[in-house]
Amino acid sequence: MAKIAFLGLGQMGAPMARRLLLAGHELTVWNRTPDRAEPLAAGGAVVAGSPAEAGAGAEFVITMLATPEALREVVLGENGLAKALGPGQVYVDMSTVGPDTVRSIAARLPEGIAVVDAPVRGSVPQATEGRLEVFVGARDEDLERVRPILESLGSVSHVGGPGAGAAMKLVANLVLGTSIVALGEALALGEALDLGRAPLLDMLAGSQLAPVVRAKRANIESGHYPPSFKLRHAAKDLRLVAEAAAAADRDLEVAAAARAWLDSAVESGAADLDFSAVVATILGETPQP
Ligand code: NAP
């Protein structure tokens, strides 16, 4: 069994870290808000006082953090991981931060560290049950070292070299963001044309948006949007999509429109609700927790 450090115990990180603990690994955890580490400590994890302390001596170091800014802070900041990492260790980032951040952080780490980007598709239930889809960007030999650990979290797709996993995840979340906004706009038009919400959702459940309707119908019908994937993160992902598209000189007009809706949902106070609360914003409703 491996010696693993896991940093970032949010909605996704906590159940992922728990799976590694249950698989029998020797686990050290760190979280900015220390209370969130308590349930894992009760399960046998060691709690570190700083990112550097967590990473020192671990064979594998995993980060699962909110944003590029948070990741930079944890890796490159005071008492950051970069101070502890050295040759022979494997560093895996699983956050959704985009390829530029992954590559720029990798370039600032000491020589001899294997760096793997492995962001995930799937939400809290999949994280809890080890059914995430893991998009890996890595050199072949680096992936083979970390594969058994990633496979205890879900299914592994090796999509290219370093940065490719982070890039694939941005494409996945472009689709996620535009789909939920398309659902909101379909309901907005249908209701403006005097169609009822239930028959509209029944029709949309047979459309190209079927998986979104299946996943989010209960939220939309109840008006309650408890967070599974926070809206602030979906807005962040569409920001990363816009930045990546601008850098590549691609004009993504649908993604830009989805971003505008998500940003206005954030401004209206829905940032910490589920990302599907953007449907309420489009419908002119106030989403409830
Ligand atoms: P979350 O519940 O909001 O947790 C975010 C984590 O980042 C927490 O551990 C938080 O620490 C930490 N953090 C935030 N800002 C920080 C900073 N400045 N310095 C240090 N730590 C900081 O998010 P999540 O849902 O677990 O998502 C984590 C990542 O996975 C995100 O990139 C998200 O886009 C991606 N993702 C999420 C889902 C999903 O369904 N939830 C699915 C796939 C991918 P505190 O506890 O101290 O706030």
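Thoughts on the side chain of Ser50
Then, number 1: Checked against the element boundaries, Ser50 lands in the loop between β3 (46-47) and α3 (51-55).
Then, number 2: Relative accessible area serves as the criterion here: at 12%, Ser50 is assigned to the buried category.
Then, number 3: Of note is the side chain of Ser50, whose polar atom sits 3.0 Å from the backbone nitrogen of Glu53.
Then, number 4: Contacts of Ser50, omitting those with residues within four sequence positions, involve Trp30 and Asn79.

Observations concerning the environment of Gly161
Then, number 1: Residue placement: Gly161 occurs in the loop between β9 (154-160) and α8 (164-192).
Then, number 2: The exposure class of Gly161 is partly exposed, given its relative accessible area of 35%.
Then, number 3: Separated by 44 residues in the primary sequence, Gly161 and Asp117 place their C-alpha atoms 9.1 Å from one another.
Then, number 4: Apart from residues lying up to four places away in sequence, Gly161 is in contact with Gly137 and Ala138.

Details of the pattern of salt bridges
Think of it this way: side chains of opposite charge can pair up when their charged atoms draw near.
Then, number 1: Tallying each qualifying case throughout the model produces 16 salt bridges.
Then, number 2: Note that Glu133 is salt-bridged to Arg121, the shortest N-O span being 2.9 Å. One end of the pair, Glu133, is in strand β8 (residues 132-137); the other, Arg121, is in strand β7 (residues 120-121), and twelve residues separate them in sequence.
Then, number 3: Taking relative accessible area as the criterion, Arg121 reaches 39% and is therefore assigned partly exposed.
Then, number 4: Residue Arg197 is joined to Glu285 by a salt bridge in which the shortest nitrogen-to-oxygen separation is 2.6 Å. On the criterion of sequence distance, the pair formed by Arg197 in helix α9 (residues 197-204) and Glu285 in the segment after α13 (278-283) is long-range, its members being 88 residues apart.
Then, number 5: Residue classification places Glu285 among the partly exposed residues on the basis of a relative accessible area of 32%.
Then, number 6: What emerges from the salt-bridge pattern is a single network uniting Glu69, Arg239 and Glu243.

The rules behind the values
Residues numbered from 1 in each chain as written. Predicted model: local features only at pLDDT ≥ 70, side-chain atom pairs only at ≥ 80, totals over all residues. Heavy atoms only, no water. Helix = DSSP H or I, 4+ residues; strand = E, 2+ residues; numbered from the N terminus. Buried < 20%, exposed > 50% of the residue type's maximum accessible area, 1.4 Å probe, protein only. Polar contact = N/O pair within 3.5 Å; in protein donor to acceptor, adjacent residues only side chain to side chain. Contact = heavy atoms within 4.5 Å. Salt bridge = Lys/Arg side-chain N within 4 Å of Asp/Glu carboxyl O.

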